[in-house]
Amino acid sequence: MSLKSERRGIHVDQSELLCKKGCGYYGNPAWQGFCSKCWREEYHKARQKQIQEDWELAERLQREEEEAFASSQSNQGAQSLTFSKFEEKKTNEKTRKVTTVKKFFSASSRVGSKKVPPERVEKIMDQIEKYIMTRLYKYVFCPETTDDEKKDLAIQKRIRALHWVTPQMLCVPVNEEIPEVSDMVVKAITDIIEMDSKRVPRDKLACITRCSKHIFNAIKITKNEPASADDFLPTLIYIVLKGNPPRLQSNIQYVTRFCNPSRLMTGEDGYYFTNLCCAVAFIEKLDAQSLNLSQEDFDRYMSGQTSPRKQESESWSPDACLGVKQMYKNLDLLSQLNERQERIMNEAKKLEKDLIDWTDGIAKEVQDIVEKYPLEIKPPNQPLAAIDSENVENDKLPPPLQPQVYAG
C-alpha cells in the first residue's frame, strides 16, 4: 500500500509506518516493522535456515553413529560368536533410527509433504487454532502481565475526545445520504464492534475483513467506480472513530500473538489487519495539521467548547431524505442547547465564585472593624429612687401643692 493518502490530508509518520526494507509499503509493528511481503520473505529465509541446520545436525548424528558402529565392530572381532546375532540386531536398530531421522529432514520427505493439498493443511491448522484458543482465551486475552488494558482505556478515551471529527476533515469519499451507503457504513461499524465477541483469532480477522469489504462497497457506490487504497484508509479511520470498538488494542495484540502466521503474512486478511493497525496509529497521533485545522480550532473542539458547524438546510439537495434533514436539524438544535447550557453553567460557576468572594470580603471587613474598635461592656448603673417612694428623708423636693377653693 502506497503513502498517497497524504494527498488527502492524512499525515502519517513514515519513519514508523514504512517497511524496514524500504519497499515503499506500510510496515506492521507486529511483523518487526516489515510489510506482509517482506515479512513473508524473512520468515521463509529463517525457516529454510532452520531446516538446513536440522539437516546438518542429522548428518552429523549419522556420522557419529557410523563411527561408533565401526569402532564397536573392530573391538568385538575377537569375542565369541555367541553375541553375533544380538549385535547384528542392535546394529540394524541403530541404522534404522538414524535413517528415520535423516529421512525426516531429507528433501524427499519435504517434497512428499508438499503433496498434501495446501487447503487441507490450512483447514487443519484452523481447527487446531480454534480448539486451543477457545479453551485458553480467558487466560491469554489481555493478560495481567501486559499493559493491554491500559492501552485499551487510552485509545477509547482518545476516540471519545475525537467524536467531533467529520468525514470532510478526513477526506472520506463516502456519502452517507445515499441509503445504500448508509447501510454499508452501519454494517462496517457492526462488524468492527463484533470483533471483540469472537474468541478465535481467525474469527476476529474475519470481522475485520467483512468490515473492510463493506467500506470498499460504500466507496464504490458513492464514486461509481472501484475504490482505491488511498480512499480505503481514511474511511477505515472514520469507521473506527465512529464505532469506537471495545478493547481495540487487546484484540489487535491477541491476533498478533496467536493467529496463524501464514494468515497474517498472506492474503487479504493480513492486508486489512495491517491497515487497521495503521488506522489506530494515526488516531493516536492525530493533530490539527492532520485535519487541516488551526491549532486554536483543534483545541476548542478537543475541549468541547464548540463543535464543527453542521450542514445548513439550504445546501441540501431536493432529493435528500427528509429523515436525514430532520436528524441534522435536531443535531444542530442539540448542539445549540449544549452550547447554551455550557454558557449557563459557566455563568453559574462564576456567580457562585463571586458570592463566595463577596462573603469572604464582608467577613474580613467586619473582623477588621471589630479588631480596630473592640466592644467594651460596662456594668449597669444603680437604679434611681422612685418619686413616689415613702423614703423622703433625703428628698429636698418641696411639699406638694394643695388645691385651694375660692368662694365666689
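Residues numbered from 1 in each chain as written. Predicted model: local features only at pLDDT ≥ 70, side-chain atom pairs only at ≥ 80, totals over all residues. Heavy atoms only, no water.

- Taking an unreviewed UniProt entry as the reference, the protein is identified by name as Rab5 GDP/GTP exchange factor belonging to Prolemur simus.
- Listed under Function (unreviewed entry) in UniProt, the entry text for the protein is "Rab effector protein acting as linker between gamma-adaptin, RAB4A or RAB5A. Involved in endocytic membrane fusion and membrane trafficking of recycling endosomes. Stimulates nucleotide exchange on RAB5A. Can act as a ubiquitin ligase." (UniProt positions renumbered as here; feature names shortened; annotations may be inferred.)

### Concerning helix α5 (residues 118-140)
So, step 1. The end-to-end C-alpha separation of α5 is 29 Å, well short of the 33 Å expected for 23 residues at 1.5 Å each.
So, step 2. Thr134 marks the point of greatest bend in α5, at about 45°.
So, step 3. Within α5 the residues assigned to the buried category are Asp126, Glu129, Met133, Tyr137 and Val140.
So, step 4. Where α5 is buried, its residues meet α8 (201-223), α10 (248-258) and α11 (261-265).
So, step 5. Backbone geometry just downstream of α5 places Cys142 in the positive-phi region, at approximately 50°. (Helix = DSSP H or I, 4+ residues; strand = E, 2+ residues; numbered from the N terminus. Expected span 1.5 Å × (residues − 1). Bend = angle between axes of the 7 residues up to and from the residue. Buried < 20%, exposed > 50% of the residue type's maximum accessible area, 1.4 Å probe, protein only. Contact = heavy atoms within 4.5 Å.)

### Here's the deal with the pattern of salt bridges
So, step 1. For the structure shown, the criterion picks out 18 salt bridges.
So, step 2. Two residues, Arg202 and Asp126, come together in a salt bridge whose shortest N-O distance is 3.6 Å. Residue Arg202 is found in helix α8, and its partner Asp126 is found in helix α5; the two are separated by 76 residues along the sequence.
So, step 3. Asp126 gets classed as buried once you look at its relative accessible area, which sits at 8%.
So, step 4. For Glu176, the salt bridge identified is with Lys242, shortest N-O distance 2.7 Å. Of this pair, Glu176 sits in the loop between α6 (148-161) and α7 (179-194) while Lys242 sits in helix α9 (residues 229-243), and the two are 66 residues apart along the sequence. (Salt bridge = Lys/Arg side-chain N within 4 Å of Asp/Glu carboxyl O.)

### Comments concerning the packing of α6 against helix α12 (residues 267-284)
So, step 1. Across the interface, α6 lies against α12 with an axial gap of 10 Å and an inter-helix angle of 70°. Between α6 and α12, the interaxial angle falls into the category roughly perpendicular. The interaxial crossing formed by α6 with α12 has left-handed handedness. Along its contact with α6, which presents Ile155, Arg158 and Ile159, the element α12 presents Val280, Ile283 and Glu284.
So, step 2. Partitioned by chemical class, the residues of the contact of α6 with α12 number four nonpolar, no polar and two charged. (Axes fitted to C-alpha atoms, helices over the stretch in contact; angles between N-to-C directions. Parallel < 35°, antiparallel > 145°, perpendicular 65-115°, else oblique. Left-handed = near helix turned anticlockwise from the far one by under 90°. Nonpolar A, V, L, I, M, F, W, Y, C, P; charged D, E, K, R; others polar.)

### Structural notes on the side chain of His214
So, step 1. Within the element layout of this structure, His214 appears in helix α8.
So, step 2. Looking at His214, its side chain comes within polar contact range of the side chain of Asp191, at 3.2 Å.
So, step 3. Those residues within four positions of His214 in sequence are excluded, and the remaining contacts are Met184, Lys187, Ala188 and Asp191. (Polar contact = N/O pair within 3.5 Å; in protein donor to acceptor, adjacent residues only side chain to side chain.)

### Observations concerning the packing of aromatic side chains
So, step 1. Here the structure, examined in full by the defined rule, presents 11 aromatic pairs.
So, step 2. Plain terms: the ring middles of Tyr137 and Tyr254 are 5.4 Å apart, the flat faces sit at 80° to each other, and that makes the pair edge-to-face. Here Tyr137 is found in helix α5, whereas its partner Tyr254 is found in helix α10, with 117 residues between them in sequence. Take Tyr137 and Tyr254: they sit in the same class, and that class is buried.
So, step 3. Between Trp164 and Tyr301, the aromatic rings sit 5.0 Å apart at their centres with planes inclined by 50°, giving tilted as the arrangement. Placement of Trp164 in the loop between α6 and α7 and of Tyr301 in helix α13 (residues 295-303) is noted, with a sequence separation of 137 residues between them. Each of the two residues, Trp164 as well as Tyr301, counts as buried.
So, step 4. Put simply, the rings of Tyr137, Phe141, Tyr254 and Phe258 pair up and form one aromatic cluster. (Phe/Tyr/Trp six-rings, centres within 6.5 Å; stacked < 30°, edge-to-face > 60°.)

### What about the environment of Lys213?
So, step 1. Here Lys213 shows up in helix α8.
So, step 2. Sequence separation between Lys213 and Tyr272 is 59 residues, and the spatial gap between their C-alpha atoms is 9.4 Å.
So, step 3. Not counting the four nearest positions on each side in its chain, Lys213 is found in contact with Glu268 and Tyr272.

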